[in-house]
Amino acid sequence: MFPAVILAGGQSRRMGQDKATVTLAGAPLLRHVAHRLSGQTSRLAINAPASPQLDAPFHHLPDTLEGFLGPLAGILAAMRFAAHLPDQPSHVLTTAIDTPFIPLDLAPRLSGALTGDTAISVASSLGAMHPVCGLWPVRLADDLEAFLHSPEKARVKTFLSRHNTAAVEFPTLMTTAGPLDPFFNVNTREDLELAERYMEILP
Ligand SMILES: Nc1nc2c(ncn2[C@@H]2O[C@H](COP(=O)(O)OP(=O)(O)OP(=O)(O)O)[C@@H](O)[C@H]2O)c(=O)[nH]1
């Protein structure tokens, strides 16, 4: 199993409130993501500017570069974190704090795609790639840091295009009211209301 880092380092402009403090069905968003990752990772950390105030503490990783440089800055912090772990994992899993329905087989299916020359494995659903949800080789940390200092720095897809990347398609979740995208994103208050309803129809 690989270590995992939940990315919560953005500005949450559309939500108007730090997503690390948003509650869904009575629990912090972070707890939903952590719950769905449990059993899939060797250890779990959260990437955010400040350590979230939660009842049980999470290992907290701030960005290693200054400023809001986008999700790749969090992915770099995740790679640097993994590089210092005693078991020296080859890859680190990242996922976003705002996807509370991520697949329960995310890590094994992403890792199954790491064959041959494939360096990075990212999730996809309904034909759309979710580039912040992926398995990243720890050895690419220096390359990613150099990329973050280049003019193209913010675009995850540009970084992916420079490396052999597999996109792993995940099926929709079956709910009592029909299919649900497992990568449904909670970006706005309206999304949060929808997510509350989805929580009720998940089997
Ligand atoms: N470390 C870090 N993570 C980021 C940054 N920007 C976005 N992310 C993370 O990337 C994922 C996708 O973020 P978005 O939804 O695009 O951005 P956001 O800042 O959360 O929200 P908006 O401000 O509404 O766009 C989330 O898990 C964010 O926490 C950043 O500058 N640094």
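As the structure is a prediction and not an experimental result, all values here were calculated from the model. (Residues numbered from 1 in each chain as written. Predicted model: local features only at pLDDT ≥ 70, side-chain atom pairs only at ≥ 80, totals over all residues. Heavy atoms only, no water.)

Quick notes on the site of the ligand
Within the structure, the ligand sits among 20 residues, and Leu7, Gln11, Arg13, Asn47 and Asp63 are positioned closest to it. Leu7 is positioned with one of its backbone polar atoms (N or O) 2.6 Å from an oxygen atom of the ligand. Contact between the ligand and Leu69: an oxygen atom at 3.3 Å from a main-chain N or O atom of the residue. For the ligand, the accessible surface in isolation is 610 Å², of which the surrounding protein chains cover 88%. (Near = heavy atom within 4 Å. Polar contact = N/O pair within 3.5 Å; in protein donor to acceptor, adjacent residues only side chain to side chain. Areas by Shrake-Rupley, 256 points an atom, 1.4 Å probe, with all protein chains shown as cover.)

Considerations on the packing of helix H2 (residues 71-83) against helix H4 (residues 141-148)
Between H2 and H4, the least distance of the axes is 10 Å, while the angle of their chain directions is 155 degrees. Considering the angle they form, H2 stands roughly antiparallel to H4. The two elements H2 and H4 cross, and the hand of that crossing is left-handed. Seen from H2, the contacting residues are Leu72, Ala73, Ile75, Leu76, Met79 and Arg80; seen from H4, they are Ala141, Asp142, Leu144, Glu145, Phe147 and Leu148. When the residues that make up the contact of H2 with H4 are grouped by side-chain class, the tally is nine nonpolar, no polar and three charged. (Axes fitted to C-alpha atoms, helices over the stretch in contact; angles between N-to-C directions. Helix = DSSP H or I, 4+ residues; strand = E, 2+ residues; numbered from the N terminus. Parallel < 35°, antiparallel > 145°, perpendicular 65-115°, else oblique. Left-handed = near helix turned anticlockwise from the far one by under 90°. Contact = heavy atoms within 4.5 Å. Nonpolar A, V, L, I, M, F, W, Y, C, P; charged D, E, K, R; others polar.)

Remarks on the nonpolar core
Of all hydrophobic cores here, the largest spans 36 residues; its most connected members are Leu37, Leu93, Leu106 and Leu110. Those elements that place two or more of their residues in this core are strand S1 (2-7), helix H1 (29-37), helix H3 (106-112), strand S8 (128-137), strand S9 (165-170) and helix H6 (189-201). Examining the composition of this core, we find that five residues originate from one element, H1, more than from any other. Non-local contacts of Leu93, meaning those with residues more than four positions away in its chain, are made with Pro3, Ala4, Val5, Leu37, Thr41, Leu106, Ala107, Leu110, Gly134 and Leu135. Core analysis: the second largest hydrophobic core is formed by 29 residues, Leu61, Phe81, Ile120 and Phe147 among them. (Core = buried A, V, L, I, M, F, W, Y, C linked by side-chain atoms within 4.5 Å. Buried < 20%, exposed > 50% of the residue type's maximum accessible area, 1.4 Å probe, protein only.)

Side note on the packing of aromatic side chains
A complete count under the given rule lists six aromatic pairs for this structure. With a centroid separation of 5.3 Å and 55 degrees between ring planes, the pair formed by Phe147 and Phe159 is classed as tilted. You can see Phe147 sitting in helix H4 and its partner Phe159 sitting in helix H5 (residues 156-161), a full twelve residues away along the chain. The pair Phe147 / Phe159 is uniform in exposure class, with both members buried. Consider the rings of Phe184 and Tyr198, whose centres lie 5.1 Å apart with planes at 90 degrees: the pair is edge-to-face. Of this pair, Phe184 sits in the loop between strand S11 (178-180) and H6 while Tyr198 sits in helix H6, and the two are 14 residues apart along the sequence. Among the aromatic residues, ring-to-ring pairing joins Phe101, Phe184 and Tyr198 into one connected group. Positioned above the aromatic ring of Phe170, the side-chain terminus of Arg109 is 4.6 Å from the ring centre. (Phe/Tyr/Trp six-rings, centres within 6.5 Å; stacked < 30°, edge-to-face > 60°. Lys NZ or Arg CZ within 6 Å of the ring centre and 35° of its normal.)

A look at the side chain of Thr175
Along the chain, Thr175 turns up in strand S10 (residues 173-175). Among the residues examined, Thr175 registers a relative accessible area of 12% and is labelled buried. A polar contact of 3.0 Å, which involves the side chain of Thr175, links it to the backbone nitrogen of Ala177. Here the side chain of Thr175 touches Gly178 through a polar contact of 2.4 Å, landing on its backbone oxygen.

Structural notes on unusual backbone geometry
We note that Ser12 has phi near 50 degrees; this positive angle belongs to a residue other than glycine. Along the chain, Ser12 turns up in the loop between S1 and strand S2 (23-24). In this model, Leu126 sits at a positive phi of 50 degrees, which is unusual for a non-glycine residue. Here Leu126 shows up in the loop between strand S7 (120-125) and S8.

Side note on the sheet that holds S8
One open sheet accounts for seven strands, arranged S5-S4-S1-S6-S8-S7-S9; its pairing is mixed. Only two strands of the sheet have a single neighbouring strand rather than two, namely strand S5 (59-61) and S9. Across the sheet, the axes of successive neighbouring strands diverge by a mean angle of 30 degrees, strand direction being ignored. Where strand S6 (residues 91-96) lies against S8, four bridges are found, and the strand directions are antiparallel. Paired with Thr94 across the two strands is Gly134, which belongs to S8. Here H1 sits on the sheet in contact with S1, strand S4 (41-47) and S6, set at roughly 160 degrees to S1. (Pairing = 2+ DSSP bridges.)

Any functional reading would require information beyond the geometric quantities listed.
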